[in-house]
Amino acid sequence: MVEFAFIVLSIMAVSSAILALEAKEIVYGAISLAIMLMTIAGFFILLDAPFVAMFQIIVYVGAVAVLIIFTVMLVRRDKWLKPPVTGLTGVGIIVGLIVALAFGLLLVNSTLGSVVVSSESVSFMQIGVQLIFEYWVVLEVLALLLAASLIGALTLAKKEKGNK
Amino acid sequence: MESLLQYLIVSVALFAIGVYGLIAKRNALRLLFSIEIIGNSAVLNLVVFSRYLSVASVTGRVFALFAIALLAAEAAVALALILGAYRLRKDIDILEMKDMKG
C-alpha cells in the first residue's frame, strides 16, 4: 500500500513539476505547481512527518499557491502563449540531464542504499520543544525576516501616486 | 518498504527539472516556479534524512519548517518584484530587462 502510494506520488510530483514549467497557459502552470506542492506534502505524510505536511499545506497550498495564482491572473499576457524559440531550451535540457545524471550516479554508487528505516515515530511535542528551547534564536530571526519581507513586498507592490 | 535512495532520486529529478527551468525559461514567473521546485526538493531531502538517518531526532523536521517559511517569504518578495516590473514595463521577459545594465 505504501509502496503504491509512493509510486503514484513520485509520478505525480515529477509530471506536475514538468507541466508547471511547460504548460502553454501560465495559469495552468501555476495550478500544476500547487499540485506538485501537495504531492510533496504527501511525501511528508509517507515519511511519518505529518506536522511538516500540515505546515506545507497551510503555507504553500494555502498561501503561496493562491498568491502565485492571483499574481499570474494580474500580469497575464496573451503573447506568452507562443514563446519565442531560443537555443536556451536545448542548453537547459542538456544541463538538467547532466545534473540528474551526476547526482543520480553519485547516489547509486554511495552506500545510502543500504540504510534501513530506523527511527521510531516522533511526537509533535518534541518538535515544539526543540523549536523553543534549542532553536529559539532562529525562530525569532525568522519572525523578523517574515515581517521584513511582508513590509518589503507591500512597499514594492504599492502603487506610487506621483509616478502615474 | 521504499528506501532512502528512492526518495533521494525523486528529489534529484525535481532538482534537475528546476535547473532546466532556470536556464531555459524567459518568463520571470516561470523562474519563480523553478526556484520553488528546487526549494521543495531540498526540503524533501531534509525530511527524508531526518526520517532515515537519526534515531528519534526531529532536527531535520524543524529545519524543514524553517526552510518552508523562508521559501514562502522569498516567494512573496519575488511576486511583488514581478508585479512592480510588470507595472513599469508591461512585460516580465527577463531578457528584455536591460535598463539596469551598466
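This text gives an overview of the structure that appears in the document. (Residues numbered from 1 in each chain as written. Chains lettered and ligands numbered in written order. Predicted model: local features only at pLDDT ≥ 70, side-chain atom pairs only at ≥ 80, totals over all residues.)

1. Section: the overall build of chain B
Looking only at helices and strands, chain B features 3 helices and 0 strands. Its helices and strands in sequence order give chain B the pattern α-α-α, from N to C terminus. For chain B, the C-alpha radius of gyration of 17 Å lies well beyond 13 Å, the compact-globule estimate for 102 residues. If you line up chain B on its principal axes, its C-alpha atoms span 55 × 25 × 25 Å. Relative to its full complement of 102 residues, chain B shows a buried share of 55%. (Helix = DSSP H or I, 4+ residues; strand = E, 2+ residues; numbered from the N terminus. Rg over C-alpha atoms; globule rule 2.2 N^0.38 Å. Buried ≥ 20, exposed ≤ 12 C-beta atoms within 10 Å, placed from the backbone.)

2. Looking at the interface of chain B and chain A
Opposite the 62 residues of chain B that make contact, chain A presents 72 residues. Looking at the side of chain B that touches chain A, the elements with two or more residues in it are helix 1 (4–24), helix 2 (28–52) and helix 3 (59–89) of chain B. Its residues placed into classes, the side of chain B that touches chain A shows 45 nonpolar, 9 polar and 8 charged. (Contact = placed C-beta atoms within 7 Å. Nonpolar A, V, L, I, M, F, W, Y, C, P; charged D, E, K, R; others polar.)

3. Side note on helix 1 (residues 2–22) of chain A
Compared with the 30 Å implied by 1.5 Å per residue over 21 residues, the 30 Å span of helix 1 of chain A between its first and last C-alpha is a close match. Buried-residue contacts for helix 1 of chain A involve helix 2 (26–46) of chain A together with helix 1 and helix 2 of chain B. (Expected span 1.5 Å × (residues − 1).)

4. Focus on the packing of helix 2 of chain B against helix 3 of chain B
Residues and elements named next belong to chain B. At their nearest, the axes of helix 2 and helix 3 sit 9 Å apart, and the two run at 175° to each other. With respect to each other, helix 2 and helix 3 are oriented roughly antiparallel. In contact with Ala28, Leu29, Leu32, Glu36, Gly39, Ala42, Val43, Leu46, Val47, Phe49 and Ser50 of helix 2, helix 3 contributes Thr59, Gly60, Arg61, Phe63, Ala64, Ala67, Ile68, Leu71, Ala75, Ala78, Ile82 and Ala85. Along the lines of polarity and charge, the residues of the contact of helix 2 with helix 3 split into 17 nonpolar, 4 polar and 2 charged. (Axes fitted to C-alpha atoms, helices over the stretch in contact; angles between N-to-C directions. Parallel < 35°, antiparallel > 145°, perpendicular 65-115°, else oblique.)

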